[in-house]
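# Summary of the model geometry
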Amino acid sequence: MQKTGASRSVKIAAFLFSAALFIGAAVALDMMIARLAPTGVNEADPKLGWRMKKNITYTREKTTFAGRKYQVTLATDERGTRTYGANRNAPVKILVFGDSFTGEPYASNDQMWYAALVRQLAALTGRPSDDFYVVAAGSGGYGTLQNLLLAEEVKTFYQPTILIHQFCDNDFSNNSFEMEQKSVVLNQWMQRPYLARDRETIIWHEGALARLYRAMLFRSALFGVFDRALQVSLSNHYGGYLMISNRDGDAYLKAVRAATYDPEAIDLTGFLLGKLRQAFDSVPAVLVDCPIEPTSSNRIWVDLARRAGFTPATTPSDMLLEAKRRGELDLFATDGAHLSETGNELMGALLAKEILSLGIISNGAIR
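Below: a short report on this structure. (Residues numbered from 1 in each chain as written. Predicted model: local features only at pLDDT ≥ 70, side-chain atom pairs only at ≥ 80, totals over all residues. Heavy atoms only, no water.)

### Points about the packing of aromatic side chains
Enumeration according to the criterion identifies 8 aromatic pairs in this entry. Judged by centre distance (6.5 Å) and plane angle (55°), the rings of Y133 and Y158 are tilted. You can see Y133 sitting in strand β7 (residues 132-138) and its partner Y158 sitting in the loop between α4 (144-154) and β8 (162-168), a full 25 residues away along the chain. Residues Y133 and Y158 agree in their burial class; the two are buried. Between Y213 and F223, the ring centres sit 5.1 Å apart and the planes meet at 75°, which makes this aromatic pair edge-to-face. Of the two residues, Y213 is situated in helix α8 (residues 208-216) and F223 in helix α9 (residues 221-238); the sequence distance between them amounts to 10 residues. Using a relative accessible area of 2% as the deciding quantity, one classes Y213 as buried. (Phe/Tyr/Trp six-rings, centres within 6.5 Å; stacked < 30°, edge-to-face > 60°. Helix = DSSP H or I, 4+ residues; strand = E, 2+ residues; numbered from the N terminus. Buried < 20%, exposed > 50% of the residue type's maximum accessible area, 1.4 Å probe, protein only.)

### What to know about the side chain of S176
Among the structural elements, S176 can be located in the loop between α5 (171-174) and α6 (177-180). Look at S176 and you get buried, because its relative accessible area is 5%. A polar atom in the side chain of S176 sits 3.0 Å from the backbone nitrogen of M179. When neighbours within four sequence positions are excluded, S176 is seen to be in contact with Y194, A265 and L268. (Polar contact = N/O pair within 3.5 Å; in protein donor to acceptor, adjacent residues only side chain to side chain. Contact = heavy atoms within 4.5 Å.)

Written out as structure tokens, the structure is:
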């Protein structure tokens with residue numbers, strides 16, 4: 001009996017020693033990856049799921065879809081927003097809400113579409129550049145609810161004279177708890193808050209896997225590597241953003257469109273857009289779309305924008321889709337969807353001209 005007890009003790013000790021070695025190796029590998037891998041621009045947030053880090057300067061080399069390399073420097077202020085302009089008390093204060101087309105590092109702050117917008121507005125109206133200032137809030141992957149929750153915070157420290165909401169085609173599914181479960185971007189739908197069907201309750205994905213993602217994604221570099229590899233694998237397997245198995249040409253595009261533009265998701269998105277508009281109902285508000293899918297359609301988001309009280313600006317999305325069809329690859333980032341610095345410049349210039357044509361801003365004043 002003594003021998004058996006001793007043997008069992010040895011086995012337990014060996015197991016504990018092996019476990020300690022494994023944990024130690026994992027921690028060491030995690031630390032090594034954290035030192036070698038680029039530091040992200042987001043961090044976990046209990047209200048928003050994730051948000052832009054405060055007071056960061058993130059510099060990386062990027063590549064356009066055509067293969068041209070360029071430098072990007074993303075900077076945030078003490079509130080985790082990107083800004084552009086020299087005069088925070090400028091008479092024209094623009095507030096932008098958006099997702100990856102606004103918050104992700106595809107172009108430097110002074111090369112983003114809202115910076116190009118300001119330069120064009122100043123040039124076309126003959127006003128000095130100091131008359132304009134931009135605060136851009138939001139982050140990659142944000143849905144409309146996250147922008148609405150962030151708006152509650154932003155309006156306490158910034159009172160704009162113009163609101164611009166940068167919309168995206170995948171916002172429809174991003175806003176739907178049910179539809180988002182078809183997404184390959186697990187780190188978003190497991191981290192994101194959703195508005196329930198009662199239009200009042202905020203809900204989250206529950207379960208062990210969701211809790212693991214929320215606990216680990218922004219705390220472990222090793223887990224981040226695993227997450228990116230899983231997302232790429234799922235995207236390659238399903239051939240796109242949604243886990244839809246039909247990959248037969250037009251049938252697949254129809255399936256993607258049906259999933260993305262689900263009637264309930266559209267209705268919920270319209271409700272959230274209305275709430276976002278109400279948060280800044282005393283100033284003009286523009287909604288501009290950044291299309292990422294070949295199934296993009298102005299009719300849906302334009303109608304929702306108008307019903308919510310936004311003025312839709314359709315020229316940028318129309319022209320960018322045409323440029324993509326013509327094969328103007330330098331306008332887009334490596335993924336072929338997001339905009340390079342050149343694409344951002346074009347979008348900002350187009351939006352400035354449309355805002356002027358709509359009469360929202362003129363040489364003298366804001367409408």
